[in-house]
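The primary structure of each chain is shown beneath.
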Amino acid sequence: MLKKRRGLVITILLVMSILICTGCKDGGLLVKTPDMNVPFQSEVKVQAGELEFEGIVKRYGTGMWGMSITSPETLEGLNISYNDEVVTAELDGLKLEIDMDDLSDGAVFARIFKAVDAAASAETLSCTETEDGKVFTGEFSGGEYKLVFDPQSLAPVRIEIPSSGIFCELNSFSVISP
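In every chain, residue numbers begin from 1 and rise along the written sequence. Side-chain atom pairs in this predicted model are given and counted only at pLDDT of 80 or more, local residue features only at pLDDT of at least 70, and totals for whole chains, interfaces and linings cover all residues. Side-chain measures were taken over the full set of non-hydrogen atoms in the model, leaving aside hydrogen atoms and water.

Description of the packing of aromatic side chains
Definition in use: Between rings of Phe, Tyr and Trp, where Trp is taken as its six-membered ring, a pair exists when centres lie within 6.5 Å; planes separated by under 30 degrees are stacked, by over 60 edge-to-face, and by other angles tilted. Each helix is a run of H or I in the DSSP string that is no shorter than four residues. Each strand is a run of E no shorter than two, and both are numbered from the N terminus. Accessible area is worked out with a 1.4 Å probe on protein chains only. A residue is then buried under 20% of its type maximum, exposed over 50%, and partly exposed in between.
In this structure the tally under the stated criterion is eight aromatic pairs. Ring plane angle 10° and centroid distance 4.4 Å describe the contact between Trp65 and Phe113, whose orientation is recorded as stacked. Separated by 48 residues along the polypeptide, Trp65 in strand β4 (residues 64-71) and Phe113 in helix α2 (residues 108-121) bring together distant segments of the chain. In terms of burial, Trp65 and Phe113 fall into one category: buried. Cluster of aromatic residues (ring-pair linked, three or more members): Phe40, Trp65, Tyr82, Phe109, Phe113 and Phe173.

With respect to the pairing of strand β3 (residues 51-61)
The condition is simple: One requirement defines pairing of two strands: DSSP has to find at least two bridges between them.
Relative to β3, strand β2 (residues 40-48) runs antiparallel, the two sharing nine bridges. Across the sheet, Glu43 pairs through a bridge with Ile56, a residue of β3. Counting the residues that bridge the hairpin from β2 to β3 gives two residues, and of these Gly49 lies at a positive phi of roughly 65°. Between β3 and the antiparallel strand that follows it, β4, lie two residues; Gly63 among them carries a positive phi value of about 75°.

Considering the environment of Lys45
As for its placement among the helices and strands, Lys45 is situated in strand β2. Between the C-alpha atom of Lys45 and that of Val57, which follows or precedes it by 12 residues, the distance is 10.0 Å.

Structure representation (structure tokens):
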């Protein structure tokens, strides 16, 4: 009786350790979301259809973002501040404020920010493992999004919003002080 119980306990522990160690696989398991609910900054390269730009993005908290465009030359120096109420765009001393209610649903930066905020507030997301890393999939008001994390560092490396044709590469990701 004791040997059977010990064998059962060992079997259960073995199965649990296999499930825990394999993380997310091709099946798309629902798993705890990586902690994106932190202030961070990252270099970004964004492509949305024919629009391409590069810059630095900073997340200060849910619904609170900043972005500085560094390329192309026509957008270089554009700074965007984003919060739940207003978006401010500033370039060469010219400043424009737009109420959130008046912001276009197709604003590329807003879709990226909302996708990350949705992932940060999700308790679980579907996860698959690919050659690129761990891919977490969820939904927000703008459709489905995918967050790709480096398999080694577990830092986010890409944000995709396929229905909008938005692809955002992240480099030099780091957590910052609020």
